[in-house]
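An overview of the molecular structure
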Amino acid sequence: MRLIETVEGKARILLPDPSEYERDGRFDPAWSPVFYNPRMIFNRDLSVVVVSSISPKSVLDVMSATGVRGIRYYLESEVRGEIIFNDKNPVATELITKNIASNGVEKARVERSDANSLMHRVKVEYTDLDPFGTPAPFLQAAVSSLRRRGVLGVTATDLSALEGKSRNSCKRKYGAFCNKLSFSKEAGLRLLLAKIAMEASIVEKGIHPLITLYRDYYYRIFVRMEDGAKKADNTLEKIGSLYECESCGYSFMGKGFCDRVCPVCGGSLRSMYPAWIGELADVEFLGKVKELLPRFNYLENFPALFKLIGSLTSEQRYGLYYRLDVLSSKLRRNMPSMEEMIKCLGDATRTHFHLQGIKTSKEFHEVLECIKSSSHG
Ligand SMILES: C[S@@+](CC[C@H](N)C(=O)[O-])C[C@H]1O[C@@H](n2cnc3c(N)ncnc32)[C@H](O)[C@@H]1O
Ligand SMILES: [Zn+2]
């Protein structure tokens, strides 16, 4: 296996030379003996900043591949306690060992276990779960691996299941009743949060979302555990349903599940259940991340990180987003510009979930009126 070196953040990482694994001039990271995906650099950059804000005393990078995440947590998030690296693939663990040594990571431990088995054996302050596709089979063990008030970082790339495009897969992986809703990017994130909350509640923990987001083709979630049966019960109170009217486009969240009709027009409702209907982030924590961000101005993604944290902060005051393109077409109007809509509504913001998405505190009828008055032609 020929190795090449890549620099990511402050880490120098050895990885299998991708050119050896090309097929018909194409390369997919999954074809390499050890996985490394440059399209996930933003995910890792953000995670480095978040982990820095949490400053955990012990870390489990449970699916390490090359070890890049854990190594960056040491070099850039300045984690000084033990970092446990793990991968079930022996080629990966061999490479992790090399990468740890060349980057001078102290207090590192390398394991070659099945992720679930390891997560049931250790207790750390921060666990990073970064699987291929769905994290669902690992969530129960992941929440169990955390010490009191520990934080879980999760990546999910199975968006077609979570967004309700693959309804059966959504049901199988998340035990959910799924439908494709126009705000599917947010719906999928809320479905995943509900799943984590339910898994946590089994071991008498509640969850408190610190930062959750959608980007490109994945979700990334950071949640703090709140220990105790009472906290778990309170968390379960934040699980309910998402609804969208097929006729007028009105959408809302509600507790429990019912087959109601649209309260605006009487039309039939599409729904997703069970979904998280609580907050998607902690504004105070976002403030802490923002404060720490300048330290990471050496990252190529620094401006994008800054923008994202800004968007997440302004979005937290509002509920579900509306799609301007969807509502405009229902009204048979041209889509107004986002600037005009925000000005018309007064209290509204763009959302990181969707280019045509808007969040507002205003009533649905006001959104429709603004589309009518702002659209040209
Ligand atoms: C998406 S990659 C991880 C990428 C890495 N975290 C990064 O940021 O570059 C998933 C890794 O998990 C490993 N893996 C998959 N299933 C596993 C399991 N059940 N237990 C342990 N490792 C597993 C794979 O071998 C692969 O290296
Ligand atoms: Zn309606």
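Conventions and cut-offs
Residues numbered from 1 in each chain as written. Chains lettered and ligands numbered in written order. Predicted model: local features only at pLDDT ≥ 70, side-chain atom pairs only at ≥ 80, totals over all residues. UniProt positions renumbered as here; feature names shortened; annotations may be inferred. Helix = DSSP H or I, 4+ residues; strand = E, 2+ residues; numbered from the N terminus. Contact = placed C-beta atoms within 7 Å. Near = placed C-beta within 6 Å. Nonpolar A, V, L, I, M, F, W, Y, C, P; charged D, E, K, R; others polar. Buried ≥ 20, exposed ≤ 12 C-beta atoms within 10 Å, placed from the backbone.

An unreviewed UniProt entry lists the protein under the name tRNA (guanine(26)-N(2))-dimethyltransferase, with Metallosphaera tengchongensis as the source organism. Within the UniProt record for the protein, the comment given under Catalytic activity (unreviewed entry) is "guanosine(26) in tRNA + 2 S-adenosyl-L-methionine = N(2)-dimethylguanosine(26) in tRNA + 2 S-adenosyl-L-homocysteine + 2 H(+)".

Another point: the UniProt feature "binding site: Zn(2+)" (unreviewed entry) in the protein. UniProt's entry tags C245, C248, C262 and C265 with the feature "binding site: Zn(2+)" (unreviewed entry), counted in the numbering of this structure. For the annotated residues, spread through 21 residues, the largest C-alpha to C-alpha distance comes to 8.5 Å, consistent with a single compact locus. Mapped onto the secondary structure, C245 falls in strand β10 (residues 239–245). For C245, the residues in contact, after removing those within four places along its chain, are Y250, C262, V264, C265, G267 and L269. Position of C265 relative to the elements: it lies in the loop between β11 (251–255) and β12 (269–276). When sequence neighbours within four positions are dropped, the list of residues in contact with C265 reads C245, S247 and C248.

Time to look at the site of ligand 1. Within the structure, ligand 1 sits among 20 residues, and M63, A65, K88, A115 and D130 are positioned closest to it. Grouping the constituent residues of the shell around ligand 1 by class yields 10 nonpolar, four polar and six charged.

This paragraph deals with the UniProt feature "binding site: S-adenosyl-L-methionine" (unreviewed entry) in the protein. In this numbering, the UniProt entry assigns the feature "binding site: S-adenosyl-L-methionine" (unreviewed entry) to R44, R69, D87, D114 and A115. Considering the arrangement of structural elements, one finds D114 in the loop between β5 (108–111) and α4 (115–121). Examined against the element boundaries, A115 turns out to sit in helix α4. A count of 22 C-beta atoms within 10 Å places A115 in the buried class.

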